[in-house]
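Okay, here's what each chain looks like letter by letter:
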Amino acid sequence: MDKVMAQLEGLVARYEEIQELMADPEVINDTKRYMEISKEEADMREVVQKYRKYQEDQKTISDNKEIIESESDADLVEMAKEENSDLEKEVVDLEEEIKILMLPKDPNDDKDIIMEIRGAAGGDEASLFAGDLLRMYEKYAETQGWKISVIDEETTEVGGYKHVAIMITGDKVYSKLKYENGAHRVQRIPVTESQGRVHTSTATVAVMPEYEQVDIDLDPKDIRVDVYRSSGAGGQHINKTSSAVRMTHLPTGIVVAMQDQRSQQQNRAKAMEILKSRVYDYYESQNQASYDEKRKNAVGTGDRSERIRTYNYPQNRVTDHRIGLTLNKLDRIMNGELDEIISALIVHYQTKQLEELAEDNA
């Protein structure tokens, strides 16, 4: 904890400096700089508040010890002892909270994501389950105030998805959904099953952060661009104008379709941004050593072939195999109530980090 406390002194000094800057008229008039500093202040605020509370508690404990050692009034001594008993517990809790807040941050945590869901083993049933997972994430995103855009999809005749790619934008999306990487297994009676037997199928989920500035140049000759009419709500104008854009990166076969923006030019720009992110992630993943290094702190390996979770419909049960968590509320989870699972994964990950730090400091 001593090393953490030394870091905190520097952090508090920086926090106070930031607060002064935020009151500087020159900074206030520089919108970009003010937003950057405001974000830094917001990121530091919670840990600074807890550290100040920690210092306040330690000072009160010290003052109470002086009373206990020197005061002759028995009632006053007893009150000091009782207060210290409560404060000492609070200090222990604050230490743990501060340690977690001071853990190294994943630089991608604040990013939006691109999520790909694919029907895997199980044919039609796997494609239907891919659709169920999509709806689960859509409902969860709605509870978080996030926005979802479909950027590529291939449906099946039974109404499922061979694959679907979506973009999710909002506050700290990657930090909450990065642990969804992997194979999701479903056990249920398929709608096509006439004998009433339970089948096992899988769908895979891949989550990658959206890279805002990707250091990759795509050769225009490697990109096929198709324009077409937007579908969905929007009136006659949208149906008559070829504003939607589909880009295909020929060397990798990666496809991005974008129709959410107002004009073809805006859709082109957004499609290219997403295409670069996906191609960049694709090439990064080709190097297994680099891939492993990038995800070494994830719970499990994050590999798409790894079975991370089982959804058992007959028993209304969901099990996350990485942390041994079983919940008998599959119906609620499929309705987007993922907070309990995601919180448990985050705590597990933070605990592993704390253990590693303790070993390094031993």
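Quick caveat: nothing in here was measured; it's all calculated off a predicted structure. (Residues numbered from 1 in each chain as written. Predicted model: local features only at pLDDT ≥ 70, side-chain atom pairs only at ≥ 80, totals over all residues. Heavy atoms only, no water.)

Over the atoms, a rolling probe the size of a water molecule traces out where space has been left empty. In this model, the largest pocket occupies a volume close to 800 Å³. Every residue lining the largest pocket is counted, 25 residues in all, and those nearest its centre are Leu101, Lys105, Asp109, Lys172 and Gln350. Only α3 (31-70), α4 (74-101), α6 (173-177) and α11 (339-361) provide two or more residues apiece to the lining of the largest pocket. For the lining of the largest pocket, the residue count by class is twelve nonpolar, three polar and ten charged. Viewed by domain, the lining of the largest pocket spans two of them, domain 1 (1-102) and domain 2 (113-213 + 299-361), each represented by three or more residues. (1 Å grid on protein atoms, 1.4 Å probe; cavity = no way out; pocket = protein on both sides within 12 Å on 5 of 7 lines; lining within 4 Å. Points joined across faces, edges and corners; volume = space filled by probe spheres on them. Helix = DSSP H or I, 4+ residues; strand = E, 2+ residues; numbered from the N terminus. Nonpolar A, V, L, I, M, F, W, Y, C, P; charged D, E, K, R; others polar. Domains from an automatic or database assignment.)

The next thing to look at is the sheet that holds strand β4 (residues 182-188). Strand order in the open sheet formed by eight strands is β2-β3-β1-β5-β4-β9-β10-β11, and the pairing between neighbours is mixed. Looking at which strands have only one partner, the edges of the open sheet turn out to be β2 (147-155) and β11 (325-327). Within this sheet the neighbouring strands show an average axis-to-axis angle of 15°, counted without direction. Bridge analysis of strand β10 (residues 317-320) against β11 gives three bridges, and the strand direction is antiparallel. Residue Val318 lies in a different strand from β11, and its bridge partner there is Leu327. (Pairing = 2+ DSSP bridges. Axes fitted to C-alpha atoms, helices over the stretch in contact; angles between N-to-C directions.)

All right, on to the confidence of the model for the protein chain then. Taken over all residues, the pLDDT of the protein chain has a mean of 83, while the share at 70 or more is 86%. In the model, residues 232-239 has pLDDT below 50 throughout and makes six contacts with residues more than four positions away in sequence or in other chains. Counted against residues more than four places away or in other chains, residues 295-304, with its pLDDT under 50, gives 29 contacts. (pLDDT = per-residue confidence, 0-100. Contact = heavy atoms within 4.5 Å.)

Looking now at α3. Compared with an ideal rise of 1.5 Å per residue, which puts 40 residues at 58 Å, α3 spans 56 Å between its outermost C-alpha atoms and is within 8% of the ideal. In the structure, α3 departs most strongly from a straight axis at Arg45, where the bend amounts to approximately 40°. Burial in α3 covers these residues: Ile37, Ser38, Glu41, Met44, Val47, Val48, Tyr51, Tyr54, Asp57, Ile61 and Asn64. (Expected span 1.5 Å × (residues − 1). Bend = angle between axes of the 7 residues up to and from the residue. Buried < 20%, exposed > 50% of the residue type's maximum accessible area, 1.4 Å probe, protein only.)

Structurally, His163 can be placed in strand β3 (residues 161-169). When its relative accessible area of 13% is taken as the criterion, His163 is described as buried. Apart from residues no more than four positions distant in its own chain, His163 is found in contact with Ile117, Arg118, Asp152, Glu153 and Glu154.

The subject of this paragraph is the packing of α3 against α4. Running from amino to carboxyl end, α3 crosses α4 at an angle of 155°, the nearest separation of the two axes being 9 Å. Here α3 is positioned roughly antiparallel relative to α4, judged by the angle of their axes. Judged by the sense of rotation from one axis to the other, the crossing of α3 with α4 is left-handed. Residue classes in the contact of α3 with α4 are distributed as 14 nonpolar, four polar and eleven charged. (Parallel < 35°, antiparallel > 145°, perpendicular 65-115°, else oblique. Left-handed = near helix turned anticlockwise from the far one by under 90°.)

Our next topic: the sheet that holds strand β7 (residues 244-249). If you walk across this open sheet you meet the three strands as β6-β7-β8, and the pairing is antiparallel. Of all the strands in the sheet, just β6 (223-228) and β8 (254-258) have a single pairing partner and so form its edges. On average, each strand axis in the sheet is tilted by 15° relative to the strand beside it, whichever way the strands run. In the sheet, β6 pairs with β7 via six bridges, with the strands oriented antiparallel. Bridge pairing in β7 links Tyr228 to Ala244.

Attention now moves to the nonpolar core. Judged by nonpolar contacts, the single largest core of 35 residues is most densely connected at Met115, Ile117, Leu133, Tyr137, Leu177 and Tyr311. For this core, the element with the highest residue contribution is helix α5 (residues 123-144), accounting for eight residues. Discounting residues that sit within four places of it in the chain, Met115 has contacts with Tyr137, Val164, Ala165, Ile166, Leu177, Val205, Ala206 and Val207. Among the nonpolar cores identified, the runner-up in size contains 22 residues, and Tyr15, Met22, Val27 and Tyr51 belong to it. (Core = buried A, V, L, I, M, F, W, Y, C linked by side-chain atoms within 4.5 Å.)

Next up on the list: the environment of Glu78. Position of Glu78 relative to the elements: it lies in helix α4. By relative accessible area, which is 41% here, Glu78 ends up partly exposed. Placed ten residues apart in sequence, Glu78 and Ile68 show a C-alpha to C-alpha distance of 8.0 Å.

A cluster of acidic residues, Glu71, Asp73, Asp75, Glu78, Glu82, Glu83 and Asp86, forms a negative patch on the protein surface. Within the secondary structure, Glu83 is located in helix α4. Taking the relative accessible area as the measure of exposure, Glu83 reaches 37% and is therefore partly exposed. (Patch = residues over 30% accessible without salt bridge, like charges linked within 9 Å, V, L, I, M, F, W, Y side chains within 5 Å. Areas by Shrake-Rupley, 256 points an atom, 1.4 Å probe, with all protein chains shown as cover. Salt bridge = Lys/Arg side-chain N within 4 Å of Asp/Glu carboxyl O. Lys, Arg positive; Asp, Glu negative; His and termini not counted. Charge placed at Lys NZ, Arg CZ, Asp CG, Glu CD.)

To continue, consider the pairing of strand β9 (residues 307-312). With respect to burial, β9 is a largely interior element, five of its six residues being buried. Examined bridge by bridge, β4 and β9 share five bridges and lie parallel to one another. When the bridges of β9 are listed, Gln187 appears paired with Asn312. When β9 meets β10, the two strands line up antiparallel, connected through four bridges. The residue of β10 that forms the bridge with Arg309 is Asp320. The turn linking β9 back onto β10 is made up of four residues, and Asn316 within it adopts a positive phi angle of 50°.

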